[in-house]
Amino acid sequence: MVISMNHHHHTEEHRQEVSNRLARAIGHLQKVKAMVEDDRDCSEVLIQLAAVKSAINNTGKVILKDHLEHCIVHAVEDGDMQMLEELNTAIDRFIK
């Protein structure tokens, strides 16, 4: 896989939002680990795992939206078609 060396800088607000979302996902995952270690009911563990998946998916959506609105717009303006190919690859992997 070829990774573009173009860096489009993100706002501090965006970085903080993503960081906060990841912290929540990590918190959910730590809760799942503790639940397993405490031999909690499988149904409860599955519900908490659903929260982890949702937190990760929502974080991905925030990143994707920002990427489309900023990085991809700049790449198209600069004629960087490789960035579009990379976006397609990233979307395919994210959706799996």
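Located above this text is the structure these notes cover.
The text that follows walks through the structure, step by step, so that each part is easy to find.

Rules and cut-offs
Residues numbered from 1 in each chain as written. Predicted model: local features only at pLDDT ≥ 70, side-chain atom pairs only at ≥ 80, totals over all residues. Heavy atoms only, no water. Helix = DSSP H or I, 4+ residues; strand = E, 2+ residues; numbered from the N terminus. Buried < 20%, exposed > 50% of the residue type's maximum accessible area, 1.4 Å probe, protein only. Salt bridge = Lys/Arg side-chain N within 4 Å of Asp/Glu carboxyl O. Axes fitted to C-alpha atoms, helices over the stretch in contact; angles between N-to-C directions. Parallel < 35°, antiparallel > 145°, perpendicular 65-115°, else oblique. Left-handed = near helix turned anticlockwise from the far one by under 90°. Nonpolar A, V, L, I, M, F, W, Y, C, P; charged D, E, K, R; others polar. Contact = heavy atoms within 4.5 Å. Expected span 1.5 Å × (residues − 1). Polar contact = N/O pair within 3.5 Å; in protein donor to acceptor, adjacent residues only side chain to side chain.

A short note on the environment of K65
Along the polypeptide, K65 turns up in helix α2 (residues 42–77). For K65, a relative accessible area of 52% translates into the label exposed. The sequence separation of K65 and A51 amounts to 14 residues, and the corresponding C-alpha distance is 21 Å.

Quick look at the pattern of salt bridges
Applying the stated criterion across every chain, the model contains five salt bridges. Here R15 ties to E12 by a salt bridge, and the two come within 3.0 Å at their closest N and O atoms. Note that R15 and E12 are positioned in helix α1 (residues 12–37) at a spacing of three residues, about one turn of the helix. When the shortest N-O distance is used, the salt bridge between E37 and K33 registers 2.7 Å. With E37 and K33 both in helix α1, this residue pair falls four residues apart, about one helical turn. Comparing E37 with K33, the two get one shared label, exposed.

Observations concerning the packing of α1 against α2
Put simply, α1 and α2 touch, their axes get as near as 9 Å, and they point 165° apart. Relative to α2, α1 is oriented roughly antiparallel. Both α1 and α2 take part in a crossing whose hand is left-handed. Of the residues contributing to the contact of α1 with α2, the split by class is 15 nonpolar, five polar and five charged.

Considerations on unusual backbone geometry
Most of the time, phi is negative for any residue but glycine, and the peptide bond is trans. The backbone of D39 sits at a positive phi, close to 55°, despite the residue not being glycine. Of note, D39 is situated in the loop between α1 and α2. What makes D39 exposed here is its relative accessible area of 68%.

What to know about the packing of α2 against helix α3 (residues 81–95)
α3 packs onto α2 with a crossing angle of 170° between their chain directions and a minimal axis gap of 11 Å. On the basis of the axis angle, α2 is roughly antiparallel to α3. Across the interface between the two elements, I56, N57, G60, K61, L64, H67, L68, I72, A75 and V76 of α2 pack against M83, L84, L87, I91 and F94 of α3. Each residue belonging to the contact of α2 with α3 can be placed in one class, and the counts come to eleven nonpolar, three polar and one charged.

Some words on α3
The terminal C-alpha atoms of α3 lie 22 Å apart, and with 15 residues this matches the ideal 21 Å at 1.5 Å per residue to within 8%. Where the residues of α3 are buried, they touch α2. A distance of 3.2 Å separates the backbone nitrogen of Q82 from a side-chain oxygen at the start of α3, and that oxygen is part of D80.

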